[in-house]
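# Examining the three-dimensional arrangement
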Amino acid sequence: MKENLLIDKSIVFAARIVKLHQHLVKNKKETIISKQIVRSGTSIGANINEANYGQSKADFISKMHIALKETAETEYWIKLLHMSEYIDDKMSKSLLNDCLEIKRILIASINTAKENSKQIQRSTSVQIPHEKIEISFTGEE
């Protein structure tokens, strides 16, 4: 049930990102980076949730890859906010730890889904036995 754990963690993380956005806008008067991080940080869970309703295994994997890209973007914004001194060391480490944990689970889920997909393809492939077929032509042209 990694996907349920992943959804739960991504929702909690998204809520933290929304609160961070509110803090940055209200207390730091920062609107540019905060808009970027709220988009990417909340998109992670939205894509994970959507992946669970995918039409196929390939659709599931695709949505999970999008969520993985969003974690990379969110990681970037957290680092930038820290380097720009909008958030302190403690906040940065905490957010990065949560983001990287989600990232690790996403990678494991994607790899598992890909492996399962390969196994399904192998087990459902049709093998045609090789037979020698002789064709003879009789009759007049």
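Above this note sits the structure.
Report follows, based on the coordinates. No experiment lies behind these values; they were computed from the predicted model shown. (Residues numbered from 1 in each chain as written. Predicted model: local features only at pLDDT ≥ 70, side-chain atom pairs only at ≥ 80, totals over all residues. Heavy atoms only, no water.)

## A short note on the overall build of the chain
Secondary structure assignment for the chain yields four helices and zero strands. Mapped from its N terminus to its C terminus, the chain presents α and β elements in the order α-α-α-α. Once local pairs closer than 6 in sequence are excluded, the contacts in the chain between residues at least 24 apart make up 72%. Looking at the chain as shown, the accessible area adds up to about 9900 Å², and 54% of this sits on carbon and sulfur atoms. (Helix = DSSP H or I, 4+ residues; strand = E, 2+ residues; numbered from the N terminus. Contact = heavy atoms within 4.5 Å. Areas by Shrake-Rupley, 256 points an atom, 1.4 Å probe, with all protein chains shown as cover.)

## Points about the environment of T31
Within the secondary structure, T31 is located in the loop between α1 (2-27) and α2 (32-51). For the pair T31 and H21, spaced 10 residues apart in sequence, the C-alpha separation works out to 8.2 Å.

## Brief notes about the nonpolar core
With 29 residues, the main nonpolar core has F13, L20, I48, M64, I78 and L106 as its most contacted residues. Among the secondary structure elements, those contributing two or more residues to this core are α1, α2, α3 (57-83) and α4 (89-124). Sequence-distant contacts of L20, defined by excluding residues within four places in its chain, comprise I37, L81, I87 and L95. (Core = buried A, V, L, I, M, F, W, Y, C linked by side-chain atoms within 4.5 Å. Buried < 20%, exposed > 50% of the residue type's maximum accessible area, 1.4 Å probe, protein only.)

## A look at the packing of aromatic side chains
The final tally for this structure, using the stated rule, is one aromatic pair. Note on Y76 and W77: the rings are 4.9 Å apart at their centroids and 75 degrees apart in plane angle, and the pair reads as edge-to-face. Overall, Y76 belongs to the partly exposed group, its relative accessible area being 49%. Between K57 and the ring centre of F60, over which it is positioned, the NZ or CZ distance is 5.8 Å. (Phe/Tyr/Trp six-rings, centres within 6.5 Å; stacked < 30°, edge-to-face > 60°. Lys NZ or Arg CZ within 6 Å of the ring centre and 35° of its normal.)

## Overview of α2
Its 20 residues give α2 an end-to-end C-alpha distance of 29 Å, which sits within 8% of 28 Å, the value for a rise of 1.5 Å per residue. Along α2, the sharpest change in direction is near 30 degrees and occurs at S43. (Expected span 1.5 Å × (residues − 1). Bend = angle between axes of the 7 residues up to and from the residue.)

## A word on unusual backbone geometry
Residues other than glycine seldom take positive phi values, yet K29 does so here, at roughly 55 degrees. Within the element layout of this structure, K29 appears in the loop between α1 and α2. Taking the relative accessible area as the measure of exposure, K29 reaches 65% and is therefore exposed. The backbone phi angle of E85 is positive, close to 65 degrees, even though this residue is not glycine. Counting through the fold element by element, E85 comes out in the loop between α3 and α4. For E85, a relative accessible area of 67% translates into the label exposed.

## Side note on the packing of α2 against α3
As a packed pair, α2 and α3 sit with axes 8 Å apart at the nearest point and diverge in direction by 155 degrees. In terms of orientation, α2 lies roughly antiparallel with respect to α3. The way α2 lies across α3 gives a crossing that is left-handed. Of the residues in the contact of α2 with α3, the class split is 13 nonpolar, seven polar and four charged. (Axes fitted to C-alpha atoms, helices over the stretch in contact; angles between N-to-C directions. Parallel < 35°, antiparallel > 145°, perpendicular 65-115°, else oblique. Left-handed = near helix turned anticlockwise from the far one by under 90°. Nonpolar A, V, L, I, M, F, W, Y, C, P; charged D, E, K, R; others polar.)

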